[in-house]
Amino acid sequence: GAGVSQSPSNKVTEKGKDVELRCDPISGHTALYWYRQSLGQGLEFLIYFQGNSAPDKSGLPSDRFSAERTGGSVSTLTIQRTQQEDSAVYLCASSLRTGPGTQYFGPGTRLLVL
Amino acid sequence: ILNVEQSPQSLHVQEGDSTNFTCSFPSSNFYALHWYRWETAKSPEALFVMTLNGDEKKKGRISATLNTKEGYSYLYIKGSQPEDSATYLCAANPVYGGSQGNLIFGKGTKLSVKP
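Residues numbered from 1 in each chain as written. Chains lettered and ligands numbered in written order. Predicted model: local features only at pLDDT ≥ 70, side-chain atom pairs only at ≥ 80, totals over all residues. Heavy atoms only, no water.

Caption draft 1: A look at a nonpolar patch on the surface. On the surface, a nonpolar cluster with roughly 280 Å² of combined accessible area is contributed by Val 12, Leu 112 and Leu 114 of chain A. Note on Leu 114 of chain A: relative accessible area 54%, which makes it exposed. (Patch = residues over 30% accessible without salt bridge, like charges linked within 9 Å, V, L, I, M, F, W, Y side chains within 5 Å. Areas by Shrake-Rupley, 256 points an atom, 1.4 Å probe, with all protein chains shown as cover. Salt bridge = Lys/Arg side-chain N within 4 Å of Asp/Glu carboxyl O. Buried < 20%, exposed > 50% of the residue type's maximum accessible area, 1.4 Å probe, protein only.)

Caption draft 2: Broad picture of the layout of surface pockets. Within this model, the largest pocket holds a volume of roughly 1,200 Å³. Residue assignment for the lining of the largest pocket shows that the elements contributing at least two residues are strand S5 (44–50) and strand S9 (88–95) of chain A together with strand S1 (5–7), strand S9 (86–93), strand S10 (104–105) and strand S11 (109–114) of chain B. Per element, the largest residue contribution to the lining of the largest pocket is four residues, and it comes from S11 of chain B. (1 Å grid on protein atoms, 1.4 Å probe; cavity = no way out; pocket = protein on both sides within 12 Å on 5 of 7 lines; lining within 4 Å. Points joined across faces, edges and corners; volume = space filled by probe spheres on them. Helix = DSSP H or I, 4+ residues; strand = E, 2+ residues; numbered from the N terminus.)

Caption draft 3: Representation of the state of the cysteines within the structure. A full pass over the atoms with the stated rule returns two disulfides over all chains. There is a disulfide in this structure between Cys 23 of chain A and Cys 92 of chain A, and the S-S distance comes to 1.8 Å. Classification of the bridge connecting Cys 23 of chain A and Cys 92 of chain A rests on its S-S torsion, roughly -60 degrees, and on that basis the disulfide is left-handed. On the criterion of sequence distance, the pair formed by Cys 23 of chain A in strand S3 (residues 19–24) and Cys 92 of chain A in strand S9 is long-range, its members being 69 residues apart. Note on accessibility: Cys 23 of chain A and Cys 92 of chain A belong to one class, buried. The disulfide bridge from Cys 23 of chain B ends at Cys 90 of chain B, spanning 1.8 Å between sulfur atoms. (Disulfide = S-S within 2.5 Å.)

Caption draft 4: Spatial organisation of the interface of chain B and chain A. At the junction of the two partners, chain B supplies 21 residues and chain A supplies 21 residues. Both sides of the chain B and chain A interface together cover about 1,700 Å² of buried area, and 60% of this is carbon and sulfur. At the boundary of chain B and chain A, one finds zero salt bridges. There are four residue pairs in polar contact (both at pLDDT 80 or more) connecting chain B and chain A. Of all the secondary-structure elements, those providing two or more residues to the side of chain B that touches chain A are strand S4 (32–38), strand S5 (45–50) and S9 of chain B. Looking at the side of chain B that touches chain A residue by residue, the class counts come to eleven nonpolar, eight polar and two charged. (Contact = heavy atoms within 4.5 Å. Buried area = accessible area lost by both parts, 1.4 Å probe. Polar contact = N/O pair within 3.5 Å; in protein donor to acceptor, adjacent residues only side chain to side chain. Nonpolar A, V, L, I, M, F, W, Y, C, P; charged D, E, K, R; others polar.)

Here it is as structure tokens:
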């Protein structure tokens with residue numbers, strides 16, 4: 001079946017603008033995760049969803065970041081008033097359920113804030 | 001807080017060489033250990049998930065071992081090929097300080113295999 005898809009694949013924006021990143025998980029996967037990789041850093045956990053609820057938002061770096069998931073499927077990560085330090089690769093992953101099982105990743109969105 | 005460390009940061013080998021990388025994590029706060037392979041402009045690809053001390057997993061020329069008591073995992077590649085060139089990521093599920101399932105990643109080992 002289809003894997004995890006993300007859009008856009010690349011996004012260039014100006015500082016101060018809002019951006020929306022989209023993730024379409026593998027069908028039937030109830031758990032969805034957002035990570036990001038900034039230059040020179042490892043992948044950093046942002047937020048995860050179990051169904052439509054987000055029990056853990058502790059990884060979101062500031063209140064400019066928010067995420068939602070509707071219908072237990074597609075998720076959007078919104079960054080308001082983007083800053084240059086938001087430039088990173090944003091990766092989405094899904095798994096059958098939360099826990100230690102394999103997470104399947106999308107190809108990522110490369111965000112550049114000028 | 002769970003910190004995952006990987007070494008070396010980068011590695012350059014010749015085609016046919018065998019190589020290995022190290023991942024270390026706090027043994028007191030560990031639930032599962034994952035290895036991923038990430039090629040540029042592609043999705044990270046899951047290689048292995050291991051949970052038990054002494055676990056060994058194999059996939060073709062790639063294998064991994066896990067020591068939960070001392071907090072390390074090794075990834076081995078036998079007879080490296082140019083197509084093995086990628087960044088190899090290690091990630092751990094913590095018992096404490098993390099939610100169910102979020103992965104704590106190391107910074108990766110970037111492998112380059114020259115023909």
